[in-house]
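Below are the chains, spelled out letter by letter.
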Amino acid sequence: MALKAGIVGLPNVGKSTLFNAITKKNILAANYPFATIDPNVGVVTVPDSRLTFLENLYIPNSLVPTTFEFTDIAGLVKGASKGEGLGNKFLSHIREVDAIVEVVRCFQDENIIHVEGGVDPIRDIEIINLELILADLEIIENRIDKIQKKAETTKDKEALKEVEVLKKAKEALLNNTALRQLVWEEEEILILKPFNFITLKPIIYVANILEDDLVLGENEFTKQVCDYAAKEHAGVITMCAKIESELAELEESDKIAFLKDLGVSTSGLDKLIFATYDLLGLQTFFTVGKDEVRAWTFKKGTNAKKCAGLIHSDIERGFIKAEIMKFDDLENLKDEKKVQEAGKLYLEGKDYIMQDGDIVYFRFNV
């Protein structure tokens, strides 16, 4: 399933440097606003040590990890919702992603220009978040103006409900509250979904620091970001985008040695990938064999039949049963036959809720 996370922030906070690390692409990362003119999209592999075990066990012809997309969106500025800077063009790109990664500058460097004249992470966050709120508010107001009178005249229940939900959203936005911070009923979510509201999307903040702060993992600015994020139940990943970009150029063994020299165990990039994966409520199941070992991404809570459709619509349509092994069982016993002999090979029906780490063979007939 094609899932996307969008990287946003003010100009010169490290978005493009981070994107370079994510995709290992050498895009323009110039020291001036709007260096990124068109959105850059790159596919990132989700690190998963389970795939290494499965590859060594099956020695397949092909190994396919699970992935999703990161989109680097040009720096927003104050007034973007009214067309300032590169304005609505980039707000429209943000609407296309599933989650937002907001990069916040948490370092002082007189050689790197700041569009607001100085480093203040909370001010920067509020500038970005206000522009996203204003963009959503404009859509809501236009829609209410279009349907409210007709809904009240015709007494159409669906139209009246839509107006009610949009007014609830409008009130929140006018109070500077992102839509994701509200509690929504399932019926309300279905009404909101077609509008693709930006502030309804889950968000994670990336506090971009200097190498000198890497061992401690925090400074006075990152503490401010963490306090702010905690109030809206959002996550924070602290990293040095410059170091991550350098790590991305290294072989795995050299990368591990470099991290050890820095005094950290896990790269910030890996932490961000895991956090974004978790933010979207994603899990992984596996299909295995001599031809291919493959990881598949699915939404937590998805049943077996729907997961079969991720592989091919025919498998979902003709679904009969799912043969399930747990990864932990296979790792412990190291042989499919031994898993079966231990009574740990399960036959599940279409309503079985798939679990992270399930190894599955779908039986189907079309």
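What counts and how
Every chain's residues receive numbers from 1 upward, in the order its sequence appears when written. The predicted origin of the model limits local features to residues at a pLDDT of at least 70 and limits the giving and counting of side-chain atom pairs to 80 or more, whereas totals for whole chains, interfaces and linings rest on all residues. Only hydrogens and water are set aside; all other atoms, that is, all heavy atoms of the structure, feed into the side-chain values. Put simply, DSSP H or I for four residues or longer makes a helix, DSSP E for two residues or longer makes a strand, and each gets a number counted from the N terminus. Throughout this description, buried means an accessible area under 20% of the type-specific maximum (1.4 Å probe, protein chains only), exposed means over 50%, and partly exposed covers the range between. Contacts are assigned to residue pairs with any non-hydrogen atoms lying within 4.5 Å of each other. Only the protein chains shown count as cover for residues, with accessible areas throughout obtained via the Shrake-Rupley method and a probe of 1.4 Å. Whenever a carboxyl oxygen of Asp or Glu lies within 4 Å of a side-chain nitrogen of Lys or Arg, that contact is scored as a salt bridge. Detection works on a 1 Å grid of protein atoms alone, calling trapped sets that fit a 1.4 Å probe cavities and calling open sets with protein on both sides within 12 Å along at least five of seven lines pockets, with lining residues defined by an atom within 4 Å of a point. Grid points are joined across faces, edges and corners, and a volume is the space filled by probe spheres set on the points. Think of it as three bins: nonpolar holds Ala, Val, Leu, Ile, Met, Phe, Trp, Tyr, Cys and Pro, charged holds Asp, Glu, Lys and Arg, and polar takes everything else, Gly as well. Helix axes are fitted only over the stretch in contact, all axes being lines through C-alpha atoms; the angle between N-to-C directions runs from 0 to 180 degrees. Our angle categories are set so that under 35 degrees counts as roughly parallel, over 145 as roughly antiparallel, 65 to 115 as roughly perpendicular, and the remainder as oblique. It is the rotation of the near helix from the far one that decides the hand of a crossing: anticlockwise by less than a right angle makes it left-handed, clockwise makes it right-handed. Two strands pair if DSSP finds at least two bridges between them.

**Q** I'm lost on the overall build of the chain in this one. Help?
**A** Scanning the chain for helices and strands turns up 14 helices and 12 strands. When burial is assessed residue by residue, the chain has 47% of its 366 residues classed as buried. Look at the contacts in the chain between residues 6 or more apart in sequence, and 70% of them connect residues 24 or more apart. About 18600 Å² of surface is accessible on the chain, with carbon and sulfur atoms providing 48% of the total.

**Q** Would you mind showing me how to read the pattern of salt bridges here?
**A** Two side chains that carry opposite charge are able to pair once their charged atoms sit near each other. Taken as a whole, this structure holds 14 salt bridges when the rule is applied. Between Asp136 and Arg95 there is a salt bridge, with the nearest N and O atoms lying 2.9 Å from each other. With Asp136 in helix α4 (residues 121-154) and Arg95 in helix α3 (residues 87-95), this residue pair connects regions lying 41 residues apart in the sequence. By relative accessible area, Asp136 is classed as buried at 0%. Overall, the relative accessible area of 13% leaves Arg95 in the buried class. One salt bridge in this structure joins Arg180 and Glu232, with 3.9 Å as the shortest N-O distance. Of the two residues, Arg180 sits in the loop between α5 (157-174) and α6 (186-192) while Glu232 sits in the loop between α7 (220-231) and β7 (235-239), which places them 52 residues apart along the sequence. Judged by its relative accessible area of 22%, Arg180 falls in the partly exposed class. Judged by its relative accessible area of 11%, Glu232 is buried. Linked through salt bridges whose partners overlap, the residues forming this network are Asp48, Arg50 and Asp356.

**Q** Please clarify how the layout of surface pockets should be interpreted in this entry.
**A** Left-over empty space is what a probe sized like a water molecule reveals as it rolls over the atoms. There is about 710 Å³ of room inside the largest pocket. When contributions to the lining of the largest pocket are tallied by element, the ones reaching two or more residues are α1 (15-23), β2 (40-45), α2 (49-58), α8 (241-247), α9 (252-262) and α10 (268-279). No other element matches the 5 residues that α10 contributes to the lining of the largest pocket. Residue composition of the lining of the largest pocket, by class: 16 nonpolar, 6 polar and 8 charged. If you go around the second largest pocket, you meet 18 residues; those closest to its centre are Asp98, Ile189, Lys193, Leu200 and Lys299.

**Q** Just checking my understanding: could you explain the packing of α4 against α5 for this structure?
**A** Running from N to C, α4 and α5 cross one another at 150°; their axes reach a closest spacing of 9 Å. Looking at the two axes, α4 sits roughly antiparallel to α5. Regarding α4 and α5, the two cross each other, and that crossing is left-handed. Judged by residue contacts, Ile133, Asp136, Leu137, Ile140, Glu141, Arg143, Ile144, Ile147, Gln148, Ala151 and Glu152 of α4 engage Ala159, Leu160, Glu162, Val163, Leu166, Lys167, Ala169, Lys170, Leu173 and Leu174 from α5. Tallied by class, the residues present in the contact of α4 with α5 amount to 13 nonpolar, 1 polar and 7 charged.

**Q** Looking at this model, I keep getting lost on the environment of Gly235. Mind explaining?
**A** Structurally, Gly235 can be placed in strand β7. For Gly235, the contacting residues outside a window of four places in its chain are Ile203, Ile204, Tyr205 and Ala229.

**Q** What is the right way to read the sheet that holds β2 from this model?
**A** Within a sheet, each strand pairs with its neighbour through backbone hydrogen bonds, oriented either parallel or antiparallel. Within the open sheet, the 6 strands sit side by side as β2-β4-β1-β5-β6-β7. Their pairing is mixed. With one partner strand each, in any of the chains shown, β2 and β7 form the two edges of the open sheet. Neighbour-to-neighbour, the strand axes of the sheet open up by a mean angle of 25°, direction not taken into account. Sheet topology note: the strand β1 (residues 4-8)/strand β5 (residues 99-105) ladder contains 4 bridges and is parallel. Looking at the pairing, Ala5 lines up with Ala99 of β5. Those strands touched by α1 are β1, β2, β4 (67-72), β5, β6 (203-208) and β7, and its axis lies near 45° from that of β2.

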